[in-house]
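A closer look at the structure
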Amino acid sequence: MDISPEQYAQLTKKASPNSPLAKDCLWAFCTGGAICLLGEVLRQLYLWQGMEEKAAGTLTSVTLIALSALATGFGWYCKLAAHAGAGTLVPITGFANAVVSPAIEFRAEGFVPGVGAKMFLIAGPVIVYGTLASVIYGVVLFITGAA
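A brief structural summary. (Residues numbered from 1 in each chain as written. Predicted model: local features only at pLDDT ≥ 70, side-chain atom pairs only at ≥ 80, totals over all residues. Heavy atoms only, no water.)

Digging into the packing of helix H2 (residues 21-48) against helix H4 (residues 76-84)
- Put simply, H2 and H4 touch, their axes get as near as 8 Å, and they point 140° apart. As far as their axial angle goes, H4 and H2 are oblique. Contacts between H2 and H4 involve Trp27, Ala28 and Thr31 from the former and Leu80, His83 and Ala84 from the latter.
- Classifying every residue of the contact of H2 with H4 gives four nonpolar, two polar and no charged. (Axes fitted to C-alpha atoms, helices over the stretch in contact; angles between N-to-C directions. Helix = DSSP H or I, 4+ residues; strand = E, 2+ residues; numbered from the N terminus. Parallel < 35°, antiparallel > 145°, perpendicular 65-115°, else oblique. Contact = heavy atoms within 4.5 Å. Nonpolar A, V, L, I, M, F, W, Y, C, P; charged D, E, K, R; others polar.)

Below, the structure written as structure tokens:
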């Protein structure tokens, strides 16, 4: 079957579902805002417990990373992203999801060739080291009582 580019474009448009742009943007905005609101609630809780502002911010980041990784592991983050789209790309949770997703997907290939290699391939070393460093830094601050 030989079709022209115009015919192909018409077939593609006919087969593709319509996307309600305003509704999608509103969902993304509200979801991203809810993630940011969760971060602010966590920060205020840590401040309320008597932590210094810098330590509360660090622990908030660590908590958001851990929650995002956990949600990705259980498959919840993917379901949320399917409905909220770009709203789940709030930097810290989106990066944690980008690191954990390939690690889970390729775990059957082994720890080093599967999890390690694919995690670096997809998310990039900067994201991996940044996420890991923030978790380690937060844990060290928490354990030493500096938080």
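Side note on the nonpolar core
- Counting six residues, the largest nonpolar core is built from Leu42, Tyr46, Met51, Ala56, Leu59 and Leu64.
- For this core, the secondary structure elements donating two or more residues are H2 and helix H3 (53-73).
- Here the element with the most residues in this core is H3; it accounts for three residues.
- The residues touching leucine 59, leaving out its near neighbours within four places in the chain, are Tyr46, Met51 and Phe142. (Core = buried A, V, L, I, M, F, W, Y, C linked by side-chain atoms within 4.5 Å. Buried < 20%, exposed > 50% of the residue type's maximum accessible area, 1.4 Å probe, protein only.)

Some points on the pattern of salt bridges
- Enumeration over the complete set of coordinates arrives at two salt bridges.
- The partner of arginine 43 in a salt bridge is glutamate 40, with the nearest N and O atoms 3.2 Å apart. Highlighted residues: arginine 43 and glutamate 40, both in helix H2, separated by three residues, approximately one helical turn.
- Assessed through its relative accessible area of 34%, glutamate 40 is described here as partly exposed.
- The partner of glutamate 53 in a salt bridge is arginine 43, with the nearest N and O atoms 3.9 Å apart. In this pair, glutamate 53 sits in helix H3 while arginine 43 sits in helix H2, placing the two residues 10 residues apart along the sequence.
- You can call arginine 43 partly exposed: its relative accessible area is 21%.
- Look at the salt bridges and you will find they share partners, linking Glu40, Arg43 and Glu53 into a network. (Salt bridge = Lys/Arg side-chain N within 4 Å of Asp/Glu carboxyl O.)

Examining the packing of aromatic side chains
- Tallied over the entire structure, the rule returns one aromatic pair.
- Aromatic side chains phenylalanine 74 and tryptophan 76 sit 4.8 Å apart centroid to centroid with 20° between the ring planes, which places their arrangement in the stacked category. (Phe/Tyr/Trp six-rings, centres within 6.5 Å; stacked < 30°, edge-to-face > 60°.)

Some remarks on the environment of leucine 67
- Along the chain, the position of leucine 67 falls in helix H3.
- When the C-alpha positions of leucine 67 and asparagine 97 are compared, they lie 9.8 Å apart, and in sequence the two are 30 residues distant.
- Dropping the residues within four chain positions of it, leucine 67 is found in contact with Leu38 and Leu42.

Geometric descriptors of this kind do not, in isolation, establish any biological role.
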